[in-house]
Amino acid sequence: LFSSVELAPRDPILGLNEAFGADTRADKVNLGVGVYYDANGHVPLLRAVREAEKARVEAALPRGYLPIDGIALYDMAVQKLLFGADSPLLAERRVVTAQSLGGTGALKIGADFLKRLNPSVPVAISTPSWENHRALFEGAGFQVVEYPYYDAATHGVDVEGMLAGMAKLPAGAIVVLHACCHNPTGVDLRTDDWKRVLSVVRERGLVPFLDIAYQGFGDGIDADAEAVRLFAAADVSFLVASSFSKSFSLYGERVGALSIVTASHDEALRVQSQLKRVIRTNYSNPPTHGAAVVSAVLNHDGLRAMWETELGEMRDRIRAMRRGLVERLSKVGDFAFIERQRGMFSYSGLSAAQVDRLREEFGIYAVSTGRICVAALNEGNIDRVAEAIARVV
Ligand code: PLP
Ligand code: TYF
């Protein structure tokens, strides 16, 4: 049966993690995987999460099944984070939200749902995009095409190229958009650019699928939801995949949600019923712990304030590392663009050959595209990293 099975290529980022683990150099640095590390180089356990977990353990609850679409109070809290507590969409009950297995799981159930609805449309992703976008939508049976996004010359977004690319898509095409803190480039659209994207979406009848995996890492919870709220205020139907892996530092607990904005409450009920079928035939219902913790934090004033403080600390620390890297590299070139980029990543401009040298000569691991995870820098490694980069450029 399996004799003709070919060996699949390794995931480029997780493969890098394995190589890093096997490296015996004591001063190695992993700037590859998209994980936030604290000032001591550890994946943090947030104080708000610890408090919520303590209360959960003490409550010693039974472990029944969750509903197919997860914890209702969690789903409602996600909607408020995305659309704002006073959004008319929520009052009109036009948003369907289902708890998912991280942001990846949200993309997957959204993709499966859309495939049943409109099997022949293409899915457009940015050039470049998160590695898994293409594979995930192809895996759901879609043809995946790309729209221009990153402009290496300006270290910014090629807005004109992006709009022109989107304008060529057939009606009904699905457009995957990074709502904030674009992975891998760190460059985002400005408000006016988002408005122009929205215009093309409406003119062409496109279906936006917003991916928000870093809400709070750019400018703050509300500011980072700007694109979501702009689309919400327009008369369009769209999907949003939320991830709390980074913002709650709950990577392995797989906490995310899919939200679908519909035209009416009646439509929402029908969409919800179909989405539940997709979930039921995939994994039946989601796991409890991570979403229960996030729900407890978001629905409790004190814990919520504690979390927002901690999220702000993570955001500020990344910014300080961006500044520190730019300062240290100013001797060898103008890297000011690193400070303008947002979220955990920077498209550093390093070539694949330079990334190879960083790894081989200095034990510093980055993605071959030149993407570095700024959130992995700290006061203990930033001098070494900057010196090594200065040596290879
Ligand atoms: N979407 C983007 C753009 C991401 O960068 C990531 C994680 O790196 C995800 C989705 C998936 O997040 P999760 O780990 O919650 O599945
Ligand atoms: O670094 C990134 O862009 C992500 C990290 O299940 C990641 O790909 C790793 C494993 C996973 C989800 C995301």
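Residues numbered from 1 in each chain as written. Chains lettered and ligands numbered in written order. Predicted model: local features only at pLDDT ≥ 70, side-chain atom pairs only at ≥ 80, totals over all residues.

Undergrad: Can you help me understand the site of ligand 1 in this one?
TA: The immediate surroundings of ligand 1 are formed by Gly34, Gly102, Gly103, Thr104, Trp130, His178, Asn183, Asp211, Ala213, Ser243, Ser245 and Gly256. Ranked by residue count, the leading element in the shell around ligand 1 is helix 5 (residues 102–117), at 3 residues. Its residues assigned to classes, the shell around ligand 1 comprises 2 nonpolar, 9 polar and 1 charged. (Near = placed C-beta within 6 Å. Helix = DSSP H or I, 4+ residues; strand = E, 2+ residues; numbered from the N terminus. Nonpolar A, V, L, I, M, F, W, Y, C, P; charged D, E, K, R; others polar.)

Undergrad: Quick question: what am I supposed to make of the packing of helix 12 (residues 289–298) against helix 13 (residues 301–329) here?
TA: Think of two packed helices as two axes; the pair is described by the angle between the axes and how far apart they sit. For the pair helix 12 and helix 13, the least separation of the axes is 6 Å and the interaxial angle reads 100°. By the angle between their axes, helix 12 is roughly perpendicular relative to helix 13. Between helix 12, through Ala296, Val297 and Leu298, and helix 13, the contact on the second element is made entirely by Leu303, Arg304 and Trp307. For the contact of helix 12 with helix 13, the class distribution of residues is 5 nonpolar, no polar and 1 charged. (Axes fitted to C-alpha atoms, helices over the stretch in contact; angles between N-to-C directions. Parallel < 35°, antiparallel > 145°, perpendicular 65-115°, else oblique. Contact = placed C-beta atoms within 7 Å.)

Undergrad: Any chance you could explain the pairing of strand 2 (residues 95–101) here in plain terms?
TA: In regular strands, side chains alternate between the two faces of the sheet. Burial analysis of strand 2 places 6 of its 7 residues in the buried class, which makes it a mostly covered element. Across 7 bridges, strand 2 lies against strand 10 (residues 255–261) in antiparallel orientation. Across the sheet, the residue bridging to Gln99 is Ala257, located in strand 10. (Buried ≥ 20, exposed ≤ 12 C-beta atoms within 10 Å, placed from the backbone. Pairing = 2+ DSSP bridges.)

Undergrad: Would you explain the site of ligand 2 in this entry?
TA: Surrounding ligand 2, one finds Ile13, Leu14, Val33, Gly34, Thr104, Trp130 and Asn183. Tallied by class, the residues present in the shell around ligand 2 amount to 4 nonpolar, 3 polar and no charged.

Undergrad: Hey, could you run me through the domain arrangement of the protein in this one?
TA: Domain annotation for the protein reports domain 1 (12–45 + 303–392) and domain 2 (65–299). The gap between the C-alpha centroids of domain 1 and domain 2 is 27 Å. Residue-level contacts link 27 residues of domain 1 with 24 residues of domain 2. Listing elements by their share of the side of domain 1 that touches domain 2, those giving two or more residues are helix 1 (12–22), helix 13 and strand 11 (345–347). Per-element tally for the side of domain 1 that touches domain 2: the top contributor is helix 13, with 8 residues. For the side of domain 1 that touches domain 2, the residue count by class is 17 nonpolar, 5 polar and 5 charged. (Domains from an automatic or database assignment.)

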